[in-house]
Structure formats: structure tokens, C-alpha cells
Amino acid sequence: MICVSSSDVCDWLINERLDHFRKCHNSSLQLLRQSGLIRSFLHYWIKCQIADTIPAPDSLDLESLKKNWLAVNGKKSHGLSDDVLGNKLLVPIRLEIWCRSVWESSLKAYFLQQKSSLDKVTFGLIRVKDKGLASEIYHQIVSNEINFTSAVLEYSCGDEVRSGGLLVDKQSTTLPTGLFELLRRQEIGVVSLPLRAGDEFWIVQLRQINEAVLDKPMERQLLLQRFDEWANGVVSKALDRL
């Protein structure tokens, strides 16, 4: 395992590294600023710089990675030579190794800190503009005069109609304030009283709660999230000095 201390991470943007960036990309800086791409360019440059310091795993089958990438993106390699394509595909693999060396020891605590935003809910949704209509629909559902899906198709005014009102695996950050916590308190199958959401009234029915677990895919997601948080700070410092 490659060891990188906290101070190494904080001091990553040394003058020599920034001078190297200027030397290689100075002629493009104005155009990158003008196009609004400077932050994303710097972010990817940081990834590449870090990846270049990490050896690829011995067990890695790079040729298979290339074939899979070409199968998904078409036979054309978007102007990338075989070597450049190989380097491109190695960046996320090497970056994950680096991220683990820096943040793996604190990953469990970070997961627990973030868990409430990582849990997901699946629920039914009916949206209408009129409060009286929302109340009438609610009473029809709870008295079994109409089922939830039929009410969606007959009354709902949003895009959820196309899925029969079913919204799958939604995180708290994608929902109106307070809705996620309300759903967590509900029993599965229970229909809520109409809720005001802006200029609409929502009726929701909890179908499932998916608790986040710290498995390998989640570890990878959180490591890259921590990297993005750190890299965004490095990008801001770099922009102040370019």
C-alpha cells in the first residue's frame, strides 16, 4: 500500500507542480477560462498527476479493459492512440489505490457521517395543484374506492405518471426538504395525508427503504467523493495562483 500522510495531501500543490502545469498548458489557459472548462480541466489534470505516481496492479488485464471500452463507445477511439487510451483507463484504477492509501482508515466514520444522505427510498407519488382535489383523492384511496396506481394515472400532473407514480431509490438530497424523513417514519404501504410542496399538493406512499451499507461499491463511491472534495479545494488554490 502506498502511504500518503495528511500533510502530503494538504501540500500537494507545490510550486514545482504548478510550474509544470504552466509550462505544459499556459497557451490554453485563456481559452479554458473563456469556455468555462478551466475547473474541470484542472480537476482531471490532478487525477492524471496522481495516477502517474501509482503503479498499475500486476493482475490488471489492460487489453480487456480496452476492448470493453471500445465495445461501449464504438470501435472508434475518439482520436486516442492505443497508448493514450490505456493511460486513460488506468487513471481511475490508480486513483482509487491512492485514495485508499489516504482515506481508507477513516472511511467507516465518514460513511456514518454521510449515511442519512446515502439511504434511499422507493415510494409512490401523486401530484395535483388543488388542495381540495388532493384531499378527495386521499380519502378515495384510504377508503379503497380507488387504488394508488389508478389515482396516479387519473389525477397526477407530473412526469411520474409514466412510471405509474413509482419513484425508485431516491436519496434525501433529491427530494423536497422534510419528505425523506417523513417517509422514513411511515410504515410501508401507508398513504400520507396531502403535503404542500411549493404550489403543488403531494400524496405519497412508502414502498421500500434501502439502507446504505459499506460494501465495496460504496467504499469506492465514498473514496471518490472524498477525492472530489479535496481536489475542488486544490483547484481553487491553483486558480488563485495561475
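None of the values given here were measured: they were computed from a predicted structure.

Colleague: Tell me what's going on with the packing of aromatic side chains, and back it up with residues and numbers.
Modeller: Within the structure shown, the criterion is met by nine aromatic pairs. A centroid spacing of 5.9 Å and a plane angle of 80° characterise the contact between Trp12 and Trp230, whose relative ring orientation is edge-to-face. On the criterion of sequence distance, the pair formed by Trp12 in the loop between helix 1 (6-10) and helix 2 (15-25) and Trp230 in helix 11 (residues 216-241) is long-range, its members being 218 residues apart. Judged on exposure class, the residue Trp12 and its partner Trp230 are both buried. Considering the side-chain rings of Trp98 and Trp230, the 5.3 Å spacing of their centres and the 45° angle between planes classify their relative orientation as tilted. Remark: Trp230 occurs in helix 11 and Trp98 occurs in helix 6 (residues 82-103); sequence separation between them is 132 residues. Like Trp98, the residue Trp230 is buried in the burial classification. Members of the aromatic cluster, each reached through a chain of ring pairs, are Trp12, Phe21, Phe41, Trp45, Trp98, Trp103, Phe227 and Trp230. Here the basic side chain of Arg226 rests over the ring of Tyr110, its NZ or CZ set 4.7 Å away from the ring centre.

Colleague: Can you lay out helix 11 for me, pointing to particular residues and giving the numbers?
Modeller: Between its first and last C-alpha, helix 11 extends 37 Å over 26 residues, near the 38 Å set by a 1.5 Å rise per residue. Those residues of helix 11 not exposed but buried are Met218, Glu219, Leu222, Leu223, Phe227, Trp230, Ala231, Val234, Val235 and Ala238. N-capping of helix 11 is provided by Asp215, with a side-chain oxygen placed 3.0 Å from the backbone N of Met218.

Colleague: Can you tell me about the sheet that holds strand 4 (residues 200-210), naming the residues and giving the values?
Modeller: Ordered in space as 2-1-4-3, the four strands form an open sheet in which the pairing is antiparallel. With partners counted over all chains shown, the strands left at the sheet margins are strand 2 (166-171) and strand 3 (195-197), one partner each. The sheet shows a mean angle of 50° between the axes of neighbouring strands, direction not considered. Across four bridges, the pairing between strand 1 (residues 120-128) and strand 2 is antiparallel. Within the sheet, the bridge partner assigned to Val121 lies in strand 2 and is Lys170. Across the sheet, helix 9 (residues 148-155) lies against strand 1 and strand 4, angled at about 45° from strand 1, the strand it touches most.

Colleague: Which residues make up the nonpolar core, and what values go with them?
Modeller: Judged by nonpolar contacts, the single largest core of 31 residues is most densely connected at Trp12, Ile46, Ile50, Trp98, Trp103, Phe227 and Trp230. Put simply, the parts of the chain that give this core at least two residues each are helix 2, helix 3 (29-35), helix 4 (38-51), helix 6, helix 7 (107-118) and helix 11. When residues no more than four places from it in sequence are discounted, the contact partners of Phe227 are His43, Ile46, Lys47, Ile50, Leu95, Trp98, Cys99 and Trp103. The next biggest cluster of nonpolar side chains, apart from the first, holds 13 residues, and it includes Ala134, Ala151, Val152 and Val191.

Colleague: Can you explain the side chain of Ser192? Please cite residues and give values.
Modeller: Relative to the assigned elements, Ser192 resides in the loop between helix 10 (179-185) and strand 3. Given the relative accessible area of 6%, Ser192 is considered buried. In this structure Ser192 touches Tyr138, Leu182, Gln186, Trp202, Ile203 and Val204, once residues within four positions along its chain are discounted.

What counts, and where the lines are drawn
- Residues numbered from 1 in each chain as written.
- Predicted model: local features only at pLDDT ≥ 70, side-chain atom pairs only at ≥ 80, totals over all residues.
- Heavy atoms only, no water.
- Phe/Tyr/Trp six-rings, centres within 6.5 Å; stacked < 30°, edge-to-face > 60°.
- Helix = DSSP H or I, 4+ residues; strand = E, 2+ residues; numbered from the N terminus.
- Buried < 20%, exposed > 50% of the residue type's maximum accessible area, 1.4 Å probe, protein only.
- Lys NZ or Arg CZ within 6 Å of the ring centre and 35° of its normal.
- Expected span 1.5 Å × (residues − 1).
- Polar contact = N/O pair within 3.5 Å; in protein donor to acceptor, adjacent residues only side chain to side chain.
- Pairing = 2+ DSSP bridges.
- Axes fitted to C-alpha atoms, helices over the stretch in contact; angles between N-to-C directions.
- Contact = heavy atoms within 4.5 Å.
- Core = buried A, V, L, I, M, F, W, Y, C linked by side-chain atoms within 4.5 Å.

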